[in-house]
Amino acid sequence: MKNKFIYLAILAVGFASCEPEFENDVDANYTSGNADFTSYVAVGNSLTAGYMDGTVYKTGQMNSYPNMLAQQFALVGGGSFTQPYYGDDANNLGGLTLGGVQIASTRLVIDASEGRPENITGTPTIEVSDIHAGPYNNMGVPGAKSFHLVANGYGNVAGVAIGAANPYFVRMASSSSTSVLADAMAMDPTFFTNWIGSNDVLAYATNGGAQDDGMTPAEDHNETGNMDPSTYGGNDITNAMVFGSVYSTIVNTLTSGGAKGVVATIPSVTSIPYFTTVPFAPLSPAALGGQSNIDLLNANLYGPLDAVFTAYGEPNRINPLSSVAVNPILIYDADAADRTAQISGALQMQGYPASIADEIGMAYGKARQANTADLVVLPASSVIGTVNSGASATLASLGLNINGVSYPMANRWVLTANEKAKVAAATDAFNATIVSIANTNDLAVADMNTMMNLLVNGLRIETGQIFTADYFSGIETENEVLFSLDGVHPNAKGYAVITNSIINLINQYYNANLPLKYVNDYPGIHIVGSN
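Since the model is a prediction, treat every value here as computed from it, not as a measurement. (Residues numbered from 1 in each chain as written. Predicted model: local features only at pLDDT ≥ 70, side-chain atom pairs only at ≥ 80, totals over all residues. Heavy atoms only, no water.)

### A look at the overall build of the protein
What counts, and what does not: Each helix is a run of DSSP H or I of at least 4 residues and each strand a run of E of at least 2, with the numbering of both proceeding from the N terminus. Only protein chains enter the calculation, and the probe is 1.4 Å; a residue is then buried if its accessible area is under 20% of its type maximum, exposed if over 50%, and partly exposed in between. In this description, contact between two residues means that some pair of their heavy atoms is separated by no more than 4.5 Å. Areas reported as accessible are Shrake-Rupley estimates using a 1.4 Å probe. Residue values count occlusion only from the protein chains shown.
Helix and strand content of the protein: 16 helices and 17 strands. Taken over 531 residues, the protein has a buried fraction of 55%. Residue pairs in contact within the protein that sit at least 24 positions apart in sequence constitute 77% of those at least 6 positions apart. By element, 52% of the accessible surface of the protein is carried by carbon and sulfur atoms, the whole surface being about 20,400 Å².

In C-alpha cells, the structure reads:
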C-alpha cells in the first residue's frame, strides 16, 4: 500500500467528516438548483447496490451511495427512495441461497484472533427465489455488466443455475422477462446516476485474466472483435464498440423524459487493494523452511528450471531461491513461452523416465517467478504455501505440490503485465465513451477513477484526520479505513466520501446547494474478537 496522503486545502472531494455538525445547519438555504430530485433512480452494479465486504447485507445496503444521496435530495424536494428488500437478512450475514443451497458467501469480517479477513460464521437467510418484485429506485445489480442492463430475462430465476440470469436481479425484478433498464424507467426518473461498466473489465482482472476454471485465459474481445455479448464468457473483457452502443442506449433512455443526471467513469481497477495488498515476493527464508529446504528446492527444482530457461534465452525467468532475502512466488503465465518439451528433454538426459519427465514438463512449461510488474490478487494470500490438491501423485511424491513455492500458482491468482495492459486499454476506451456520451447529453461526469485512487492512496484533511485503505492494521486503523474487506468495494465511510464527491459535482454542475455527509457518522471495517 502506498504510504502517500493527498492534502486537501478545501473539501474539493466532499470530505466533510471532521466538520462540526453546526456547519451544515439544518436551516441552511438548500436548493435543488436546475435539477429535479422528485424521482431519483440509480442504475449500476455492485458499487451502486451498496455491496461491501464481499456481499450485500442489510446494514451495508443502507449505506449505499444512492441511499445517502437520496437522504440529501429529500431536503430539497426529493421523493421517497426505495431499495431492494433485505429484511430477510435475519442475522445481517449477507450471502445468498437458491432452493436452500448456499450460492454466495456471507460477509467478511476481520477475525482479531487470526488477524485476517474471514467470512462471518453462519448460514445466509436471503433466498433468491423469495422474490420481492420491484421496480425500485436503487437499480444497482451486483455482477451486472453494461449489456446486462438491457437484457430481458436477466431476472428470471430459471436462468440462475446456468448463468443466464442474475440472482440479485431475480429478487428485485418486476417480472421474469423485464430488464434492469426497463424497471429503472418504470420509476419515471427526473434525476439519475449511472455508474455501470466496471464489471466489463473488472471480472477479467479479479480472476487474473482467467476463465472460471482458473487456468484457461479469458478473452479480450477488443482483440477477438467479437461483437455478440451473448457469447461472452463471464470473465471476458467487453468489446469497446459493444460497450459504446449499449452505454448510448442506456443514457438515451434515461434522458428520454427530460431527466438530468450524473454518469460516473470506471476506476482503474488495478489500483484497488484487491491488487495491491499481497506482495509478489512474500517468501522469506523462514517461510521456506530455512537453509536446508532452500538448498533442496534449488537443487531439485529451481536450479534445473533456471538452466533450461537460460539455455533458451530467458536467464531471469527463474532464479535460485535466496537464503537471505524474500523470494517471489512461482506462477503460471499463460503468455510465457511454453518450455514443456525442453524441460522434459533435459530431465530425460538426466535419467528421468520419460513419463515422469513429461509430467514435470507439463507442470512447469509455462512457469516463471513473479516480478514487480505482476499483481497478486487478494484471495491468493490464503493459497500461497498451501498444498495444491490438483498436483499429480507423482509431483506430490517429489514434494512438488506447494502453491507458489514448488508448484506454480494458477493463472487466476496473478494479473500479469500483459493482462494489465488489456485492462488499462479497455478502461481508457470505456471512459472516453462515457465522457463523450455525457457531453452530448449535457450530463455531469463524476471522475471515479480519481476518486477511487484517493480512497486507496489515502486522504488527510486540514484537521489532520487520516483516511486510508490499509485495513490490516486492526483496531489501530478501524475507523480510518475506506475500503471494505473484499478489497474492491468501499465500506460505509468510503461510500460517504463518494456521496460527497457527487454532491459537490451536482452543486457545481446543476447550481444546487446540497449539504454534505459526515463521513465519521458511518462505520469502517468490521472486527470481531473471534469467528
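The rest of the description comes next.
### Let's talk about the sheet that holds strand β7 (residues 138–140)
We count it as follows: By the convention used here, strands pair only if DSSP detects at least 2 bridges between them. Here an angle of 0 to 180 degrees is reported between the N-to-C directions of two axes, which are lines fitted to C-alpha atoms, with helices fitted over the stretch in contact.
Here we have five strands laid out as an open sheet, ordered β7-β2-β8-β9-β14, and parallel in their pairing. Only two strands of the sheet have a single neighbouring strand rather than two, namely β7 and β14 (444–446). Taken pair by pair, the neighbouring strands of this sheet meet at an average axis angle of 15°, ignoring direction. In this structure, strand β2 (residues 40–44) lies alongside strand β8 (residues 191–195), joined through five bridges in parallel fashion.

### Structural notes on helix α10 (residues 291–311)
Under the convention used in this document: Here the bend at a residue means the angle between the axes of two seven-residue stretches, the one that ends at it and the one that starts at it.
Most pronounced at N298, the bend in α10 amounts to some 50°. Residues I294, L297, N298, L301, Y302, L305, D306, V308 and F309 constitute the buried set of α10. Taken together, the buried residues of α10 touch β10 (330–332), α11 (340–349), α12 (354–364) and β11 (367–369). Remark: G313 follows α10 within two positions and exhibits a positive phi of approximately 85°.

### Overview of the pattern of salt bridges
To be explicit about the condition: For this analysis, a salt bridge means a side-chain nitrogen from Lys or Arg found within 4 Å of a carboxyl oxygen belonging to Asp or Glu.
Summed over all chains, the structure comprises six salt bridges. In this structure, D88 and R171 form a salt bridge, with 2.8 Å as the shortest nitrogen-oxygen distance. Here D88 is found in the loop between α3 (65–73) and β3 (96–98), whereas its partner R171 is found in helix α4 (residues 167–172), with 83 residues between them in sequence. Residues D88 and R171 agree in their burial class; the two are buried.

### Quick word on the packing of aromatic side chains
We apply this condition: The criterion for an aromatic pair is that two Phe, Tyr or Trp rings (for Trp, the six-membered ring) have centres within 6.5 Å, with stacked assigned to planes under 30 degrees apart, edge-to-face to planes over 60 apart and tilted to the rest. Sitting over a ring, as applied to charges here, requires NZ of Lys or CZ of Arg to be within 6 Å of the ring centre and within 35 degrees of the ring normal.
Per the counting criterion, the structure on display carries 15 aromatic pairs. Arranged with centres 5.1 Å apart and planes meeting at 70°, the rings of Y274 and F275 form a pair that is edge-to-face. The exposure class of Y274 is buried, given its relative accessible area of 11%. Through pairs of rings, three or more aromatic residues link up here, namely F37, Y40, F73, F81, F191, Y509 and Y510. The ring of Y57 is capped by R107, whose NZ or CZ atom sits 5.0 Å from the centre of that ring. Here the basic side chain of R317 rests over the ring of F309, its NZ or CZ set 4.0 Å away from the ring centre.

### Regarding unusual backbone geometry
As a rule of thumb, non-glycine residues mostly have phi less than zero, and peptide bonds are mostly trans rather than cis. Of note, the amide linkage connecting G134 to P135 takes the cis form, showing an omega dihedral of 10°. Turning to its location among the elements, P135 is positioned in the loop between β6 (116–119) and β7. Positive phi values are uncommon outside glycine, yet N92 reaches one of about 60°. Of note, N92 is situated in the loop between α3 and β3. If you check the backbone angles, D442 has positive phi at about 55° while not being a glycine. As for its placement among the helices and strands, D442 is situated in the loop between α14 (417–440) and β14.

### A short note on the packing of α10 against α11
Quick note on the threshold: Between 65 and 115 degrees an angle is taken as roughly perpendicular, under 35 as roughly parallel, over 145 as roughly antiparallel, and anywhere else as oblique. Handedness of each helix crossing follows the sense of rotation of the near helix against the far helix: counterclockwise by less than a right angle gives left-handed, clockwise gives right-handed.
Following both chains from N to C, one finds α10 and α11 inclined at 120°, their axes separated by 10 Å at the closest point. By the angle class used here, α10 and α11 are oblique. For the pair α10 and α11, the sense of crossing is right-handed. The segment α10 lies against α11, with L305, V308 and F309 engaging Q342, I343 and A346.

### Thoughts on the nonpolar core
Worth spelling out the cut-off: The nonpolar core is taken to be a set of buried Ala, Val, Leu, Ile, Met, Phe, Trp, Tyr and Cys residues, with the residues joined through side-chain atoms within 4.5 Å.
Formed by 140 residues in total, the largest nonpolar core has its most connected members in Y40, F191, I329, Y364, I498 and I506. It is helix α16 (residues 492–509) that contributes the most residues to this core, nine residues altogether. When near neighbours in sequence (up to four residues on either side) are disregarded, Y40 contacts Y65, P66, L69, A70, F73, F81, N137, F191, F192 and T193.

### Section: helix α6 (residues 199–206)
In an α-helix, one turn spans 3.6 residues, which is why side chains three or four residues apart end up on the same side. When you tally the buried positions in α6, you get eight out of eight residues, the bulk of the element. Residues of α6 that are buried: N199, D200, V201, L202, A203, Y204, A205 and T206. G208 sits one or two positions beyond α6 and adopts a positive phi of about 60°.

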